[in-house]
Amino acid sequence: PLIETFSAFKKNFKGVNALPMQKARWNFLTQTCEVLEREFLGDPEAILEEGRHRIAPSPEGVGVLQVLLRLFPWVYGNDWERDREGWFGNARRDFYFLKRPQLFLLMYHDRASQTNELRSIGDMELLGPVVDYEIPRSYRDEGVLSYSPSLARKVRRGEPLLKGSRMELEIRIATFLALIRELEFINERREEMGFLPIHMGHLDAYRWQKGQAARTSPHLCFTTSY
């Protein structure tokens, strides 16, 4: 009922500022409700049960990530870009970021870990990077990422980057790689010291908080991917 019409959505999700890209977000919510009713009788927990509370497929069946991508293609499966211009080589690669479905798994696991009422995700070590707009700020502040003068100028002036442009892709790809390599480095050191490994969710929380406190501005982009 809160989102039955677009006007109801705008009224019920009104905060200090209006949500950006409201129509797209309303469409995502209505599609989500439709699929939940049709496939899971309105019960979100059934998504986790169908995916056996795992990220990746297993001998027992599909994982939650695959369920989300298959049944919610526009809501959860649309965060990828194709290098049609050959910016990153002649192979014209596809880059899958999948921020929202991985954030769904991360947030669910975090809440399940704090209660006995929910079953945790069984293979959190397979969670990939959750690349948003805060984490690049953290790496840039520390000198891990270095922006070209033209890109730095756009970010400083608050000029939105075009979704799928080379500049936006370079930021997200570089952040993706930085997260993977940092997690590998941390877990190598933890193993040497006799500690258990951490997963991407732990690193994401740390980097997100660092990004919020960063001196540099976030890059702006008209996208619902992050």
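Note that this is a predicted model, so its numbers are computed, not measured.

**What about the nonpolar core?**
In globular proteins that are soluble, nonpolar side chains generally tend to be buried together.
Part 1: Among the nonpolar cores identified, the biggest contains 40 residues, and Phe 40, Ile 47 and Phe 72 are the most heavily contacted of them.
Part 2: Going through the elements one at a time, helix H2 (22-40), helix H3 (45-50), helix H4 (64-71), helix H5 (99-112), helix H6 (135-141), helix H7 (149-157), helix H8 (166-192) and helix H9 (200-212) are the ones with two or more residues in this core.
Part 3: Sorting elements by how many residues they give to this core places H4 first, with 5 residues.
Part 4: With residues near it in sequence (within four places) discarded, Phe 72 still touches Thr 32, Val 35, Phe 40, Ile 47, Val 67 and Gly 77.

**Comments concerning the pattern of salt bridges**
Side-chain pairs of opposite charge can arise where the charged atoms are in close proximity.
Part 1: Going through the model one piece at a time under the given rule, you end up with 15 salt bridges.
Part 2: Between Lys 163 and Glu 81 there is a salt bridge, with the nearest N and O atoms lying 2.6 Å from each other. Of the two residues, Lys 163 is situated in the loop between H7 and H8 and Glu 81 in strand S1 (residues 80-82); the sequence distance between them amounts to 82 residues.
Part 3: Taking relative accessible area as the criterion, Lys 163 reaches 37% and is therefore assigned partly exposed.
Part 4: In this structure, the salt-bridge partner of Arg 215 is Asp 141, at a minimum N-O distance of 3.7 Å. Of this pair, Arg 215 sits in the segment after H9 while Asp 141 sits in helix H6, placing them 74 residues apart in sequence.

**Digging into the packing of H8 against H9**
Part 1: Here H8 crosses H9 at 115°, and the two axes come no closer than 10 Å. Judged on the interaxial angle alone, H9 and H8 are roughly perpendicular. By crossing handedness, the relation of H8 to H9 is classed as right-handed. Contacts between H8 and H9 pair Leu 179, Ile 180, Glu 182, Leu 183 and Ile 186 from the former with Met 200, Leu 203, Tyr 206 and Arg 207 from the latter.
Part 2: Residue composition of the contact of H8 with H9, grouped by class: 7 nonpolar, no polar and 2 charged.

Quick notes on the rules
- Residues numbered from 1 in each chain as written.
- Predicted model: local features only at pLDDT ≥ 70, side-chain atom pairs only at ≥ 80, totals over all residues.
- Heavy atoms only, no water.
- Core = buried A, V, L, I, M, F, W, Y, C linked by side-chain atoms within 4.5 Å.
- Buried < 20%, exposed > 50% of the residue type's maximum accessible area, 1.4 Å probe, protein only.
- Helix = DSSP H or I, 4+ residues; strand = E, 2+ residues; numbered from the N terminus.
- Contact = heavy atoms within 4.5 Å.
- Salt bridge = Lys/Arg side-chain N within 4 Å of Asp/Glu carboxyl O.
- Axes fitted to C-alpha atoms, helices over the stretch in contact; angles between N-to-C directions.
- Parallel < 35°, antiparallel > 145°, perpendicular 65-115°, else oblique.
- Left-handed = near helix turned anticlockwise from the far one by under 90°.
- Nonpolar A, V, L, I, M, F, W, Y, C, P; charged D, E, K, R; others polar.

That's the geometry; what it means functionally is another story.
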